[in-house]
2 protein chains.
Amino acid sequence: MTDFPEVRALTFDVFGTVVDWRGGIAREAENMLAPKGVTLDWGGFANVWRKPILAAMAPVRTGARTYVVMDALHRETLDLALAEFGVTGLDETEKHRLAMGWRRLDPWPDSIEGMNQLKARHAVVALSNGNIALVLSMAKRAGIPWDTILGADLVNTYKPDAAIYDSAARFLDIAPQQIMMVACHLGDLDAAKSRGLRTAYVHRPLEWGEGTERPLPAAGTYDVIVHSFTELADAMGA
Amino acid sequence: MTDFPEVRALTFDVFGTVVDWRGGIAREAENMLAPKGVTLDWGGFANVWRKPILAAMAPVRTGARTYVVMDALHRETLDLALAEFGVTGLDETEKHRLAMGWRRLDPWPDSIEGMNQLKARHAVVALSNGNIALVLSMAKRAGIPWDTILGADLVNTYKPDAAIYDSAARFLDIAPQQIMMVACHLGDLDAAKSRGLRTAYVHRPLEWGEGTERPLPAAGTYDVIVHSFTELADAMGA
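Residues numbered from 1 in each chain as written. Chains lettered and ligands numbered in written order. Predicted model: local features only at pLDDT ≥ 70, side-chain atom pairs only at ≥ 80, totals over all residues.

**Q** Would you explain the sheet that holds strand 6 (residues 224–226) of chain A in this entry?
**A** Paired through their backbone hydrogen bonds, the strands of a sheet run either parallel or antiparallel. All names here are of chain A. The 6 strands lie next to each other as 3-2-1-4-5-6, forming an open sheet whose pairing is parallel. Sheet topology places strand 3 (148–150) and strand 6 at the edges, where each strand pairs with a single neighbour. The sheet shows a mean angle of 25° between the axes of neighbouring strands, taken without regard to direction. Pairing of strand 1 (residues 9–12) with strand 4 (residues 179–183), which is carried by 4 bridges, proceeds in the parallel orientation. Bridged to Leu-10 within strand 4 is Met-180. (Pairing = 2+ DSSP bridges. Helix = DSSP H or I, 4+ residues; strand = E, 2+ residues; numbered from the N terminus. Axes fitted to C-alpha atoms, helices over the stretch in contact; angles between N-to-C directions.)

**Q** Sorry if this is basic, but what is going on with the nonpolar core here?
**A** Across soluble globular proteins, you tend to see nonpolar side chains buried next to one another. Counting 152 residues, the largest nonpolar core has Val-125, Met-181, Ala-200 and Leu-232 of chain A together with Val-125 and Met-181 of chain B as its most contacted members. With near-sequence residues (within four places) excluded, Ala-200 of chain A lies in contact with Met-180, Met-181, Val-182, Tyr-222, Asp-223, Val-224, Val-226 and Leu-232 of chain A. (Core = buried A, V, L, I, M, F, W, Y, C linked by C-beta atoms within 7 Å. Buried ≥ 20, exposed ≤ 12 C-beta atoms within 10 Å, placed from the backbone. Contact = placed C-beta atoms within 7 Å.)

**Q** Would you mind showing me how to read unusual backbone geometry here?
**A** A negative phi angle characterises most non-glycine residues, just as the trans form characterises most peptide bonds. With an omega of 5°, the peptide bond running from Lys-159 of chain A to Pro-160 of chain A counts as cis. Mapped onto the elements of the fold, Pro-160 of chain A is located in the loop between strand 3 and helix 7 (162–172). If you check the backbone angles, Asn-156 of chain B has positive phi at about 60° while not being a glycine. Unusually for a residue other than glycine, Asp-173 of chain B sits at a positive phi of about 55°.

**Q** I keep staring at the confidence of the model for chain A and nothing clicks. Help me out?
**A** Close reading of the predicted structure is inappropriate where its pLDDT is low. Confidence in the prediction of chain A, expressed as mean pLDDT, is 97, and 99% of residues score 70 or more. Scored by ipTM, the complex comes to 0.97, with pTM at 0.97. (pLDDT = per-residue confidence, 0-100.)

**Q** Sorry if this is basic, but what is going on with the interface of chain B and chain A here?
**A** Often the size quoted for an interface is simply the accessible area lost on bringing the parts together. On the chain A side, the residues contacting the 15 residues of chain B number 15 residues. Sorting the residues of the side of chain B that touches chain A by element identifies helix 6 (132–142), strand 3 (148–151) and helix 7 (162–172) of chain B as the ones contributing at least two each. It is helix 6 of chain B that provides the largest number of residues to the side of chain B that touches chain A, a total of 5 residues.

**Q** Explanation requested: helix 7 of chain B in the structure shown.
**A** For an α-helix, 3.6 residues make a turn, and residues three or four places apart therefore share a direction. Taken together, the buried positions of helix 7 of chain B are occupied by Ile-164, Tyr-165, Ala-168, Ala-169, Phe-171 and Leu-172 of chain B. Buried residues along helix 7 of chain B sit against helix 6 (132–142) of chain A together with strand 1 (9–12), strand 2 (123–128), strand 3, strand 4 (179–183) and helix 8 (186–194) of chain B. Positive phi appears at Asp-173 of chain B, one or two residues downstream of helix 7 of chain B, with a value of about 55°.

**Q** Please clarify how the relation of the copies chain B and chain A should be interpreted in this entry.
**A** One copy of the chain maps onto the other through a rotation about an axis followed by a shift along the same axis. Aligned on chain A, chain B shows an RMSD of 0.0 Å; the corresponding rotation is 180° and the shift along the axis is 0.0 Å. Here the symmetry operator amounts to a two-fold rotation axis. Scanning chain B for the C-alpha nearest the rotation axis identifies Thr-148 of chain B, at a separation of 2.1 Å. When the interface residues of chain B are mapped onto chain A, 100% of them again lie at the interface, so the same face is used by both copies. (Least-squares fit on C-alpha atoms with pLDDT ≥ 70 in both.)

**Q** Please clarify how the sheet that holds strand 4 of chain B should be interpreted in this entry.
**A** All names here are of chain B. What the 6 strands build is an open sheet, ordered 3-2-1-4-5-6; its pairing is parallel. Looking at the sheet topology across the chains shown, the edges are occupied by strand 3 and strand 6 (224–226). Taking the axes of each pair of neighbouring strands and ignoring which way they run, one obtains an average angle of 25° across the sheet. Along the sheet face, helix 6 touches strand 2 and strand 3 and points at about 145° away from the line of strand 3. Relative to the sheet, helix 8 contacts strand 4 and strand 5 (198–202), its axis offset from that of strand 4 by approximately 165°.

**Q** Before we go on, may I ask you to explain the environment of Pro-217 of chain A in this structure?
**A** Residues and elements named next belong to chain A. Within the element layout of this structure, Pro-217 appears in the loop between strand 5 (198–202) and strand 6. On the basis of neighbour counts, which here come to 15 C-beta atoms within 10 Å, the residue Pro-217 falls in the partly exposed class. For the pair Pro-217 and Leu-186, spaced 31 residues apart in sequence, the C-alpha to C-alpha distance is 8.4 Å. If near-sequence neighbours (up to four positions away) are discounted, Pro-217 is found in contact with Leu-186, Tyr-201, Tyr-222 and Ile-225.

**Q** Please explain the packing of helix 1 (residues 21–33) of chain B against helix 4 (residues 92–99) of chain B as it appears in this structure.
**A** Helix packing for two helices is described by the angle between their axes and how far apart those axes are. Residue and element names in this part refer to chain B. Running from amino to carboxyl end, helix 1 crosses helix 4 at an angle of 160°, the nearest separation of the two axes being 10 Å. Classified by the angle their axes make, helix 1 and helix 4 are roughly antiparallel. Classified by chirality, the crossing of helix 4 by helix 1 is right-handed. Side by side, helix 1 and helix 4 meet where Glu-28, Ala-29 and Met-32 of the first sit next to Glu-94, Arg-97 and Leu-98 of the second. The class makeup of the residues in the contact of helix 1 with helix 4 is 3 nonpolar, no polar and 3 charged. (Parallel < 35°, antiparallel > 145°, perpendicular 65-115°, else oblique. Left-handed = near helix turned anticlockwise from the far one by under 90°. Nonpolar A, V, L, I, M, F, W, Y, C, P; charged D, E, K, R; others polar.)

Given below as structure tokens:
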């Protein structure tokens, strides 16, 4: 297997890469709405909610909008998702609780085992569009063993803004090539690569649900291409 | 024992509170200098080095000096300590290695056990004048189980600047009174208290070596007054 002796830290994307946001949000939505008599495709609801969240980061990246934390984007985009499904009757406390459901996501089955293996020889660091409080709350609930969390609120922008990857090297006080970005998203990895980081693609075919799987990137596109964090740990000699 | 159900996060001072900087630096200095035939009071050397480090933070706090990370303060003050003891003949690589000895400090005997107990119910967070890379490197070597690290490089100033304590509440997205500052230094705790944080004083009588012990603060000065992190864990109901 490949080994990268120069790599000291692995920086992880969180949503989709470490945790299954779709399954978690489907559960949180069902828990909140089913007792009110709402019936819908809960996984579909999660997908519909996720899309405007991704879109809402773009104007922050360009500077057209002042940075707000991802928790706030979750709350504001919830109204769009509820409207799309014609769901009414949630009070503000319930909407807040549901928006905070993004702090209660579960890791993919291999995530924690792989991270614990990787921790023996590498710093295991969140490099997330989530704010620190969001990623920390999620970690405490789910047992995700971060060595430290670099949230988007440290730089006040969102990936794939180059400033995020550059900040990781600065905060960790190592060269970009001593960092390996771990993500299931090509845009995140491409941006990391362009800033000099190593890259590990992890295949998460169920991120958006059954039937949405895309092909693996071509061999050589990234330094490592794997199907799980435990496979990544093998590749890194952990 | 006292319990503080509203406290969600414990923010820890690192140098002196979690780790024994004096013992670690004495060892690092001896490892570097003894093979060169230098003999001196290694603990005294650590004390002499520590004092200008503390002094060097003051102009950063006041704005008279642009923020530089603590690693850099370690390097620049090393020259003062070497001069004070009349030690010469270290090359730049050796000086760098010795300055980075502040990343290789060991915890007090109770630190890790107490933190692991506290982690079950609280976020265990570094709120350090050290930069993230310094505190992270130390943690990886020594097995210090941070949930996350808030380094001074996130705010570009040094404790007891109020901005540091305020930033902890902002980054953790909780109220100041939901945070308990843990330190062995009165100035750190007094500043935290003035910003609305809860406070836990931990007695570390050997921080500056034998014979330097100061009395405990008067009962009621801080929310908790203990002699170890395991006693703190008991006090917090962990």
